[in-house]
Amino acid sequence: MTATIPRPDASTSFRGRLWRLAETVTTPVLPSDYLDLFAPLRAGADLRGRIVAVRPETPDAATLVIQPGRSWRGHVPGQYVRLGVDVDGVRQWRAYSVTSVPGRRTEPISVTVKAIPDGVVSNHLVRRVRPGTIVQLDQARGDFVLPEPAPSRVLFLTAGSGITPVAGMLRSGALAGSDVVLVHSAPAAADVVFGGELRALAESGAVRLVERHTDVDGLLDVAELDALVPDHLERQTWACGPLGLLDAAEAHWSARGQAERLHTERFRPTVITAGDGGTVTFTRSSVTVEAPGATPLLDAGENAGVLMPSGCRMGICFGCVLPLRQGAVRDLRNGQLTTALPGDGVRVQTCVSAAAGPCELEI
Amino acid sequence: MTVIQKKADNPIAHLSAEDIENLGRELDAIRERVIASRGERDAAYIRKVISTQRKLEVGSRVVLLFSLFPPAWIVGTAGLSVAKILENMEIGHNILHGQWDWMRDPKIHSTSWEWDHVSPADQWKHSHNELHHRFTNVIGKDNDLGYGIMRVDEDQPWHPAYLGQPFYNFVNACFFEYGIAAYDLELGKNLKHGRHKTPEFRARVRAVGRKIRRQVLKDYVVHPLLSGPSFFHTMAATFTANLIRNLWSHSVIMCGHFPEGVETFEKTSIEGETRGEWYVRQMLGSANISGNRLLHIMTGNLSFQIEHHLFPDLPSNRYQEIAPEIRALFDRYGLKYTTGSMPRQVFSAWRKVFRLALPNRRRPAAPIAPIDDTVDRPVPTLATAGV
């Protein structure tokens, strides 16, 4: 959009010069802004994907098959990809495990999403999104992956949608020669994402599957593993699921001195809880202040000596907008709450926003 | 037009302080309702306008590669004029207002957008969003009143130089984007006060210089060169398109605050102004243009100038929707909703430019403060009311 975005290839190479020439043709926008209209998935474009299919998995989970753009660099089973989806016109970013087997980079990938109650993005993806929709993507990331070669004895401890990174590993075939146990919790048999596939794997002898149906049997107590999988501490273990399960697992493995054998995946390590006022960090200025819930962030910054951009100071000119790296702020005009995590790309008007919990502003 | 506080028939005299605050609360409620209902439909609207504008611009520029042929010249020039108008009005102006920031799309955001205009977006945002929208129609504070070169209000002091203002206004209309760039730089004031040597001002001048260079290179060198034998025809076509865009946006802007019926305010009147009072000033300081959907889009919905000034950051496609409700509010509170057809409002604004080129017919009772916001003097009372 803007002519100020530095381009890595704006070098002295022939391509670089050609690109700069194209920029003089299209200024003030960039050539890519025009190309995006016709070929959003082309090589060199910001990474995006097109949803090619939506397959229901359970009553509240669905698999999205996504054709990534040509800039996609592939993934390792167990890694996640961040998806930027427009829900009610607002771009929202969420991370989902890639569940497809790594193939050629031009092949579609898949992610499986479980709708959580009041989940803005998950409900949209499971119930409303249609094939053909363009979504924003990031390259695959994450170190919740199998080492090479794969360990000979493995335990997967999962619950709910925590099965998704593990499904990617199981499908990849990397565990073909290993002794694998999967302990998976879900409310009932019908709620087990990939239930049929996992049971078939168990029947074929590829894994030992322990299904826990929590509606009937209650939540799994990690101590029960002593009986369910007596050698679990000798196995390399990958755990993914709700925070409660992961915390309990970490305590269990640490207490027995085997913490290095446990690998966990937490999609949202920071839980944003909104409060009234909070600690505001101005990241580039390395300034941190305590700001009350009624003080605009602009005032808080200025009082602390931060060179804050400002304008009308009444919420109309947008001259004070700054990126909210993470945290929660409240609009002083209507009390509306805005929360952000790194990468969400949320920007706020500092003159009419106050801290609603700890927050970081990029300036 | 005379500052509202001095009018014999002050149009807000019948409103109590409580009425004004109630009015403010009603307007806040309308704003909240629109904000709560912003969604997919609005996002689809702006993306559609942007994509249509880009396709129209590419199409017109391609046609202009063959501008040697008169039909291609006419079609290409017409298309490019419309594309440039859309880009400045419905897209650029509104995105730079932050109307679409809520979508969190970094490509359609007030902090990242740059527009097809010689004034860099950040400088324009300062003079327009921060000064004009905050100090709307306050004599001595809102430089949009006459852009510092014209006298558009009886309360602005007359000087023989204003005799030429119909001519300046016409020249400004033809090269409006350069006028805006000079205005955003506050060129006159900065030169007069010897501030043109400060590093800050020089940096801003350089930024404008870079922007002008890029714009001129594109419109008058690169595209003509790409046209080969049609070089001069394409150059003439882009010049014409820029001229049409300038005349159009100048006319729309004149209709917003200059026609008869729009009120002005004295500087002291906004000290300690409440939210409700700010709203009232926006209501009486702006004028709408009536017309069809095409007109509204081509004016960037500034045909709903009143609604825009009340809520500068609401998506432009919503102004039309709330207009009937706003108008009903005017009626209920006994305020005048100024509106008229485009020809009528343009005529009204131009008539004022001609009329105020001459001194006021009746002499003011007291000397008048100059329009200069570096000197903080109250505007003295005029004996005349609504000349």
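Residues numbered from 1 in each chain as written. Chains lettered and ligands numbered in written order. Predicted model: local features only at pLDDT ≥ 70, side-chain atom pairs only at ≥ 80, totals over all residues.

A few points about the overall build of chain B
So, step 1. For chain B, the helix and strand inventory stands at 14 helices and two strands.
So, step 2. The C-alpha radius of gyration computed for chain B amounts to 21 Å, which stays within 12% of the reference 21 Å derived for 387 residues, consistent with globular compactness.
So, step 3. Principal-axis analysis of the C-alpha atoms gives chain B an extent of 65 × 50 × 40 Å.
So, step 4. In chain B, buried positions account for 47% of the 387 residues.
So, step 5. Long-range contacts, defined here as pairs at least 24 residues apart, represent 70% of the contacts in chain B between residues at least 6 apart. (Helix = DSSP H or I, 4+ residues; strand = E, 2+ residues; numbered from the N terminus. Rg over C-alpha atoms; globule rule 2.2 N^0.38 Å. Buried ≥ 20, exposed ≤ 12 C-beta atoms within 10 Å, placed from the backbone. Contact = placed C-beta atoms within 7 Å.)

Comments concerning the overall build of chain A
So, step 1. Secondary structure summary: chain A contains nine helices and 17 strands in total.
So, step 2. C-alpha atoms of chain A, sized along the principal axes, occupy 65 × 55 × 35 Å.
So, step 3. Residue burial in chain A is summarised as follows: out of 363 residues, 40% are buried.

Quick word on the packing of helix 5 (residues 165-174) of chain B against helix 9 (residues 231-257) of chain B
Residue and element names in this part refer to chain B.
So, step 1. Running from N to C, helix 5 and helix 9 cross one another at 125 degrees; their axes reach a closest spacing of 7 Å. Classed by the angle they form, the pair helix 5 and helix 9 counts as oblique. On helix 9, the residues that touch N172, A173 and C174 of helix 5 are L243, N246, L247 and H250.
So, step 2. Considering only residue class, the contact of helix 5 with helix 9 consists of four nonpolar, three polar and no charged. (Axes fitted to C-alpha atoms, helices over the stretch in contact; angles between N-to-C directions. Parallel < 35°, antiparallel > 145°, perpendicular 65-115°, else oblique. Nonpolar A, V, L, I, M, F, W, Y, C, P; charged D, E, K, R; others polar.)

Overview of the domain arrangement of chain A
Residue and element names in this part refer to chain A.
So, step 1. We note that the domain assignment places domain 1 (48-137), domain 2 (153-265) and domain 3 (278-361) within chain A.
So, step 2. The straight-line distance from the C-alpha centre of domain 1 to that of domain 2 is 24 Å.
So, step 3. Residue-level contacts link 13 residues of domain 1 with 14 residues of domain 2.
So, step 4. Looking at the side of domain 1 that touches domain 2, the elements that each hand over two or more residues are strand 1 (48-58) and strand 5 (109-114).
So, step 5. Broken down by class, the residue content of the side of domain 1 that touches domain 2 amounts to six nonpolar, five polar and two charged. (Domains from an automatic or database assignment.)

Focus: the pairing of strand 2 (residues 61-68) of chain A
The side chains of a regular strand alternate, residue by residue, between the two faces of the sheet.
All names here are of chain A.
So, step 1. Across the eight residues that make up strand 2, a large majority, six, are buried.
So, step 2. Relative to strand 2, strand 1 runs antiparallel, the two being bridged by eight bridges. Counted as the bridge partner of V54 is L64 from strand 2.
So, step 3. The hairpin turn running from strand 1 into strand 2, its antiparallel successor, is two residues long. (Pairing = 2+ DSSP bridges.)

Some points on the sheet that holds strand 10 (residues 236-240) of chain A
All names here are of chain A.
So, step 1. The sheet built from five strands is open, its strands ordered 9-8-7-10-11 with parallel pairing. Lying at the two open borders of the sheet, with one neighbouring strand each, are strand 9 (207-213) and strand 11 (262-265). Averaged over all pairs of adjacent strands, the angle between their axes in this sheet comes to 15 degrees, without regard to strand direction.
So, step 2. With five bridges joining them, strand 7 (residues 153-159) and strand 10 adopt parallel strand pairing. Counterpart to F156 in the pairing with strand 10 is W238.
So, step 3. Together, strand 7, strand 10 and strand 11 form the strand contacts of helix 8 (residues 243-255), whose direction differs from that of strand 11 by roughly 165 degrees.

Quick word on the sheet that holds strand 4 (residues 90-97) of chain A
All names here are of chain A.
So, step 1. In spatial order, the strands read 4-3-6-1-2-5; together these six strands make up an open sheet with antiparallel pairing. If you trace the sheet from one side to the other, it starts and ends with strand 4 and strand 5, each paired once. Neighbour to neighbour, the strand axes of the sheet diverge by 40 degrees on average, direction disregarded.
So, step 2. The pairing of strand 3 (residues 80-87) with strand 6 (residues 134-137) spans two bridges and is antiparallel. By the bridge assignment, G84 is partnered in strand 6 with Q136.

Here we look at the UniProt feature "domain: Fatty acid desaturase" (unreviewed entry) in chain B
So, step 1. This chain's UniProt record puts "domain: Fatty acid desaturase" (unreviewed entry) on residues 73-339 of chain B.
So, step 2. With 57% helix and 1% strand, the stretch residues 73-339 of chain B has end C-alpha atoms that lie 36 Å from each other. (UniProt positions renumbered as here; feature names shortened; annotations may be inferred.)

Considerations on the confidence of the model for chain B
Low pLDDT means the predicted atomic positions in that stretch should not be read closely.
All names here are of chain B.
So, step 1. Residues of chain B with pLDDT of at least 70 account for 93%, and the chain-wide mean is 90.
So, step 2. Low pLDDT, under 50, characterises residues 365-387; the stretch is placed with 54 contacts to residues that sit more than four places away or in other chains.
So, step 3. Two summary scores accompany this predicted model of the complex, namely pTM at 0.89 and ipTM at 0.88. (pLDDT = per-residue confidence, 0-100.)

Regarding the interface of chain A and chain B
So, step 1. Tallying the contact residues gives 26 residues for chain A and 38 residues for chain B.
So, step 2. Looking at the side of chain A that touches chain B, the elements with two or more residues in it are helix 1 (14-26), helix 2 (31-38), strand 4 and strand 16 (346-349) of chain A.
So, step 3. The class makeup of the residues in the side of chain A that touches chain B is 14 nonpolar, eight polar and four charged.

Some details on the UniProt feature "domain: FAD-binding FR-type" (unreviewed entry) in chain A
So, step 1. According to UniProt, the feature "domain: FAD-binding FR-type" (unreviewed entry) maps to residues 44-147 of chain A in the numbering used here.
So, step 2. Measuring from the first to the last C-alpha atom of residues 44-147 of chain A gives 31 Å, for a span that is 9% helix and 43% strand.

So, unusual backbone geometry
Residue and element names in this part refer to chain A.
So, step 1. Along the chain, T27 connects to P28 via a cis peptide bond; the corresponding omega equals 5 degrees.
So, step 2. Tracing the backbone shows P28 in the loop between helix 1 and helix 2.
So, step 3. Even without glycine at this site, D88 takes up a positive phi of about 50 degrees.
So, step 4. Position of D88 relative to the elements: it lies in the loop between strand 3 and strand 4.
So, step 5. For R313, which is not a glycine, the phi torsion comes out positive at approximately 60 degrees.
So, step 6. A residue is classified by how many C-beta atoms lie within 10 Å of it, and R313, with 17 of them, is partly exposed.

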